[in-house]
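Coordinates in review
These are the residues of each chain, in order.
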Amino acid sequence: MIADAVDTAIAVGWALAAWIAVLAAVGTIVVLAATATGAWAWHAAKRRHTGPSWAYGTLRARIRATRRTRAADSHTTAHSHREAA
């Protein structure tokens, strides 16, 4: 009778440990998803719009494209007609 109680306690303990592990994994996924969604919303609010740049007209799209384009990393050779003396 005591052996059955100990066996039941061990089984319940393992089941409880499994539930804790599953709930921890689900909680981690929920927290990471909420963090990613919050970061996306913050970035969208910081940009002041959530849609693509072309949805706001071609002029705004061109302005955004020129602001986002980085300068070339390598130096270009100077042209003879542009060189200053």
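The preceding data block contains the structure.
How each quantity is defined
Residues numbered from 1 in each chain as written. Predicted model: local features only at pLDDT ≥ 70, side-chain atom pairs only at ≥ 80, totals over all residues. Heavy atoms only, no water. Helix = DSSP H or I, 4+ residues; strand = E, 2+ residues; numbered from the N terminus. Buried < 20%, exposed > 50% of the residue type's maximum accessible area, 1.4 Å probe, protein only. Areas by Shrake-Rupley, 256 points an atom, 1.4 Å probe, with all protein chains shown as cover. Patch = residues over 30% accessible without salt bridge, like charges linked within 9 Å, V, L, I, M, F, W, Y side chains within 5 Å. Salt bridge = Lys/Arg side-chain N within 4 Å of Asp/Glu carboxyl O.

1. Quick look at the overall build of the protein chain
Tallying secondary structure elements over the protein chain gives two helices and zero strands in all. Each of the 85 residues in the protein chain was classed as buried or not, and the buried ones make up 5%. For the protein chain, the computed accessible surface area is about 8100 Å², with 66% contributed by carbon and sulfur atoms.

2. Here we look at a nonpolar patch on the surface
Where nonpolar side chains cluster on the molecular surface, the patch consists of Ile 2, Val 6, Ile 10 and Trp 14 and spans about 480 Å² of accessible area. With respect to the helices, strands and loops of the structure, Ile 2 is situated in helix α1 (residues 2-47). Here Ile 2 falls in the exposed class, since its relative accessible area comes to 67%.

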